Amino acid sequence: MIRIGVVQVLLLVVFAAAPQARAQQAGTVSGRVTDSQTGLPLPGASVIFARERGIVTDGDGTYTLNLDPGSYSITFRYVGYRPQVRQLQVIAGSPVRLDVSLEPEVTEMEQVVVSASRYEQRLSELTVSVSLIRPEALSAAHITDPKVLMNRLSGVEVLDGQASVRGGSGYSYGAGSRVLALVDGLPIMSPDAGGIRWRSLPLENVSQIEVIKGASSVLYGSSALNGVIHFRSAAATEAGETKFFAETGIFDKPRQRDWVWWERPRIQTAASFSHLKRYGNTEVGVGTHMLADNGYRRLNDERLGRVNLRLRHHNRQVSGLSYGMNFNGGINHKRDFILWENAWDGALKQDPSTEAELHARFFYIDPFISLAREGRFTHDLRMRLQGSWNRFPVTTQNDSDTRSLFSEYQAWYAIGEGLSLNTGMMYYLSQIRSAFYGDHEGRNAAVYAQADADLLERFKLVAGFRLEYSALDGISDKVVPLFRFGLNYRIGEFTFMRGSIGQGYRFPSVAEKHASTTLGAVRIFPSPDLLPEKGWNSEIGLKQGILTANWNGLVDLAFFYGQNKDLIEYVFGVYSDPATGGFDMGFKARNIEYSRVYGTEVEFRLTNTYGRFRNSIGGGYVYMYPAEYNPLTNKNTGTFLKFRRHHSARLSLGSGAGPFEAGLDLFVRSRILNIDDVFLNPLTRESILPGFYDYWQENNSGHFLADLSISYRLNQRYTLSLAVKNLTNTEYLGRPGDVQPHRNFSLRISGTF
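Our subject in this report is the structure included herewith. Note that this is a predicted model, so its numbers are computed, not measured.

**Things to note about the packing of aromatic side chains**
Part 1 of the reasoning: What the rule picks out here adds up to 24 aromatic pairs.
Part 2 of the reasoning: Ring centres 6.0 Å apart and planes at 40° place the aromatic pair tryptophan 259 and tyrosine 695 in the tilted group. In this pair, tryptophan 259 is assigned in the loop between β18 (241-251) and β19 (267-279) and tyrosine 695 in helix α7 (residues 692-699), connecting sequence segments 436 residues apart. Neither tryptophan 259 nor tyrosine 695 differs from the other in exposure class; each is buried.
Part 3 of the reasoning: Judged by centre distance (5.6 Å) and plane angle (90°), the ring pair of tryptophan 261 and tryptophan 262 falls under edge-to-face.
Part 4 of the reasoning: Overall, the relative accessible area of 12% leaves tryptophan 262 in the buried class.
Part 5 of the reasoning: Every member of this aromatic cluster is reached through a ring pair, and the members are Trp259, Trp340, Phe572, Phe587, Phe679, Phe692, Tyr695 and Trp696.

Dropping the structure here:
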């Protein structure tokens with residue numbers, strides 16, 4: 001049984017009261033922030049005088065600070081301009097005049113991320129490919145499901161809940177993930193199935209989402225074999241912000257009228273509320289989200305309620321010391337879609353034999369404490385206690401409970417001029433009680449370190465290693481060493497070249513090893529002797545900033561190559577039934593693939609102002625060659641990896657003038673190259689998915705999608721918006737038998753205070 005006494009102790013520390021500082025006579029610092037080229041004022045520029053404390057300039061670019069006597073480093077920031085830091089001494093009763101002129105820069109290049117090396121870096125300085133998603137992308141397109149959001153990103157695809165980055169993963173029937181999901185630096189993975197808990201991800205106060213493309217196990221461990229998706233929460237400010245939205249949507253009819261099974265419109269509704277504000281020395285964030293989706297498919301509906309709380313207190317007595325707690329929890333009632341009835345008039349009707357109603361509850365609690373000295377060091381101790389209860393009212397044999405405790409200590413040091421060290425250790429405990437998987441207990445431990453060096457003015461070098469240990473039910477895996485190397489070279493003012501190579505590792509999930517069940521005509525067998533997956537990934541990339549009189553943005557080009565062995569795939573065959581001792585046909589997880597994926601990706605984003613119009617254009621294209629190879633000859637076998645494609649492209653266009661904003665997103669994906677033979681074999685295909693073979697032969701040709709969004713700002717607080725998803729009403733599949741949503745409309749009212 002997992003002991004949580006250490007968490008209780010830390011929670012007492014979290015809420016310890018901080019002594020109040022003595023009141024002192026303030027000094028005044030005032031000035032004006034302007035554009036260095038035009039001399040025009042910059043209204044809304046940030047003036048930051050302490051960690052996450054500051055104000056913004058007025059309409060004429062002026063500001064005034066009332067500060068206690070002492071030494072300060074004041075940072076001036078404005079979107080599209082290079083930040084400036086000024087040192088000054090504040091004396092009681094003595095006003096100081098400080099005017100600042102900021103220089104324009106390539107905005108996209110200067111965005112800050114933390115996922116690549118686990119500390120803040122500019123996008124241009126990275127040695128790996130990282131894509132960013134800002135919260136504006138969620139609100140404009142009416143996205144409430146993180147899976148839908150990921151599918152809009154270049155090089156990323158989510159098939160029925162399983163994420164793949166640049167073709168590194170396919171579809172493995174809901175078990176295991178080669179992409180790790182994080183919320184504020186901590187994993188949000190299910191201990192049993194090993195998948196991403198998509199619906200528990202709190203989007204209400206997200207500041208940005210960072211996606212690392214490639215093996216990241218050195219810094220993040222198992223499940224980061226193919227990449228990392230990091231959801232970062234926004235920090236509270238003294239000004240504060242409160243947001244809400246309420247929306248309702250309706251599904252149109254599919255192209256094939258024979259598929260229409262409903263008599264009443266299929267409605268979905270959602271609502272969200274969040275508040276984020278700093279009260280004195282304490283940051284407070286609260287949020288809630290509710291969803292009711294009747295579903296466009298029969299026996300496939302969902303109800304969701306989620307709440308979250310974030311508290312961080314900054315100690316006034318000890319500079320840089322902060323501590324707090326995050327909480328997220330919810331209830332989810334749903335019926336997942338497994339198999340269709342048939343391809344003729346039942347593609348949107350679930351086969352009743354696979355219907356499984358789920359009543360789920362989930363939560364996590366994150367106590368943490370941090371000590372930081374800007375430019376010198378940081379120390380972070382954080383934990384995540386996570387629990388879930390899954391109940392199936394009809395199929396009670398699938399009930400399961402999970403508990404887990406993740407703890408990590410991380411330290412970053414600036415050792416000398418241009419040299420820093422990032423090191424840490426983690427320990428993870430999990431407990432599963434399930435009739436579906438059996439009862440299991442797992443342990444995972446690791447130590448890691450990474451050095452970042454600025455060897456020359458333009459040259460950055462990264463080197464790191466990790467020692468990883470895993471055990472399940474007292475059976476230990478060997479300690480695994482992992483390494484990564486990277487470099488970044490600044491060729492010109494806005495031109496950066498990078499290269500990297502890193503190893504990946506993934507321990508099989510409990511579901512892959514021990515799941516045993518029957519879903520309609522599909523039988524799943526346990527596979528307790530599975531081996532861990534291993535691999536490595538490399539890339540060479542070029543990032544070019546663009547800054548002209550009319551355009552601001554970047555273009556990123558990457559060539560990537562990855563190779564893996566002992567990949568786990570579900571294989572259909574005749575297997576021994578451990579329950580009866582006989583033999584039967586079904587799926588079983590097996591280590592069968594030696595694989596490689598190589599290709600190229602280009603991403604771009606440009607912004608422009610033309611008269612009254614604010615314009616943006618962005619997108620990307622990925623070419624992938626996902627193939628099995630023979631380890632003896634090192635040549636491709638001619639067999640493509642399952643559930644992968646060659647081509648994927650995206651183009652986003654946006655424009656606004658005054659209170660109006662409009663956006664158009666276009667997506668193109670080529671056909672799926674290979675699927676399980678059981679869906680194509682004449683002896684088995686009709687018993688699992690009636691009509692699928694003929695449908696697949698006719699429709700597996702790739703697809704084109706278009707999404708449209710239009711919004712009107714009613715006043716400074718309220719916005720009314722309309723979104724049309726799948727504007728062309730395209731008919732397409734995810735995995736076999738999983739018809740994706742046809743055209744649907746949603747209307748949203750949102751507000752910001």
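**Let's talk about the nonpolar core**
Part 1 of the reasoning: Counting 45 residues, the largest nonpolar core has Trp340, Tyr437, Phe679 and Phe692 as its most contacted members.
Part 2 of the reasoning: Elements represented by at least two residues in this core include exactly β30 (480-492), α5 (510-514), β33 (522-525), β35 (551-576), β36 (583-610) and α7.
Part 3 of the reasoning: Here the element with the most residues in this core is α7; it accounts for three residues.
Part 4 of the reasoning: Contact partners of tryptophan 340, with chain neighbours within four places excluded, come to Gly346, Ala347, Lys349, Asp351, Leu689, Pro690, Gly691, Phe692, Tyr695, Leu733, Gly737 and Val739.

**So, the environment of glycine 619**
Part 1 of the reasoning: With respect to the helices, strands and loops of the structure, glycine 619 is situated in strand β37 (residues 613-630).
Part 2 of the reasoning: Residue classification places glycine 619 among the buried residues on the basis of a relative accessible area of 4%.
Part 3 of the reasoning: Not counting chain neighbours up to four residues away, the residues in contact with glycine 619 comprise Val602, Glu603, Phe604, Arg650 and Leu651.

**Quick word on empty space enclosed by the protein**
Any empty space left between the atoms is revealed when a probe the size of a water molecule rolls over them.
Part 1 of the reasoning: Applying the stated criterion across every chain, the model contains 12 cavities of 30 Å³ or more.
Part 2 of the reasoning: Roughly 640 Å³ of volume is contained in the second largest cavity.
Part 3 of the reasoning: Lining the second largest cavity are 41 residues; nearest its centre among them are Met189, Ser222, Ser223, Tyr428 and Asn444.
Part 4 of the reasoning: Put simply, the parts of the chain that give the lining of the second largest cavity at least two residues each are β14 (179-183), α4 (217-220), β24 (377-391), β25 (400-416), β26 (419-434), β27 (440-454) and β28 (459-472).
Part 5 of the reasoning: Broken down by element, the lining of the second largest cavity gets its largest block of residues, five residues, from β28.
Part 6 of the reasoning: Taken together, the residues of the lining of the second largest cavity sort by class into 18 nonpolar, 15 polar and eight charged.

**What to know about the sheet that holds strand β2 (residues 46-50)**
Part 1 of the reasoning: The four strands are arranged β3-β2-β5-β6 in an open sheet whose pairing can be described as antiparallel. One side of each edge strand has no neighbouring strand; the edge strands of this open sheet are β3 (53-56) and β6 (84-90). This sheet shows a mean twist of 25° between the axes of neighbouring strands, independent of strand direction.
Part 2 of the reasoning: Direction of pairing for β2 relative to strand β5 (residues 70-77): antiparallel, over a ladder of three bridges. Residue pairing for β5: valine 47 is matched across the bridge by phenylalanine 76.

**With respect to unusual backbone geometry**
Part 1 of the reasoning: Unlike most non-glycine residues, serine 223 shows phi in positive territory, near 85°.
Part 2 of the reasoning: If you trace the backbone, serine 223 turns up in the loop between α4 and β17 (227-233).
Part 3 of the reasoning: Taking relative accessible area as the criterion, serine 223 reaches 14% and is therefore assigned buried.
Part 4 of the reasoning: Even without glycine at this site, asparagine 634 takes up a positive phi of about 60°.

**Thoughts on α7**
One turn of the α-helix equals 3.6 residues, which is why residues spaced by three or four share an orientation.
Part 1 of the reasoning: Every buried residue of α7 is listed here: Phe692, Tyr695 and Trp696. For α7, the buried positions fall inside an angular range of 100° around the axis, keeping them on one side. Opposite its buried face, α7 presents the exposed residues Asp694 and Glu698, each directed more than 90 degrees away.
Part 2 of the reasoning: In this fold, the buried residues of α7 make contact with α6 (685-688).

**Quick look at the sheet that holds strand β16 (residues 206-213)**
Part 1 of the reasoning: Read from one edge to the other, the open sheet built from five strands follows the order β11-β16-β17-β14-β15, with strand pairing classed as mixed. Edge positions in the sheet fall to β11 (129-133) and β15 (186-187), since each has one partner strand and no second.
Part 2 of the reasoning: Relative to β16, β11 runs antiparallel, the two sharing five bridges. Bridging across to β16, serine 131 finds its partner in valine 211.

What counts and what doesn't
- Residues numbered from 1 in each chain as written.
- Predicted model: local features only at pLDDT ≥ 70, side-chain atom pairs only at ≥ 80, totals over all residues.
- Heavy atoms only, no water.
- Phe/Tyr/Trp six-rings, centres within 6.5 Å; stacked < 30°, edge-to-face > 60°.
- Helix = DSSP H or I, 4+ residues; strand = E, 2+ residues; numbered from the N terminus.
- Buried < 20%, exposed > 50% of the residue type's maximum accessible area, 1.4 Å probe, protein only.
- Core = buried A, V, L, I, M, F, W, Y, C linked by side-chain atoms within 4.5 Å.
- Contact = heavy atoms within 4.5 Å.
- 1 Å grid on protein atoms, 1.4 Å probe; cavity = no way out; pocket = protein on both sides within 12 Å on 5 of 7 lines; lining within 4 Å.
- Points joined across faces, edges and corners; volume = space filled by probe spheres on them.
- Nonpolar A, V, L, I, M, F, W, Y, C, P; charged D, E, K, R; others polar.
- Pairing = 2+ DSSP bridges.
- Axes fitted to C-alpha atoms, helices over the stretch in contact; angles between N-to-C directions.
- Arc of directions from axis to C-beta.

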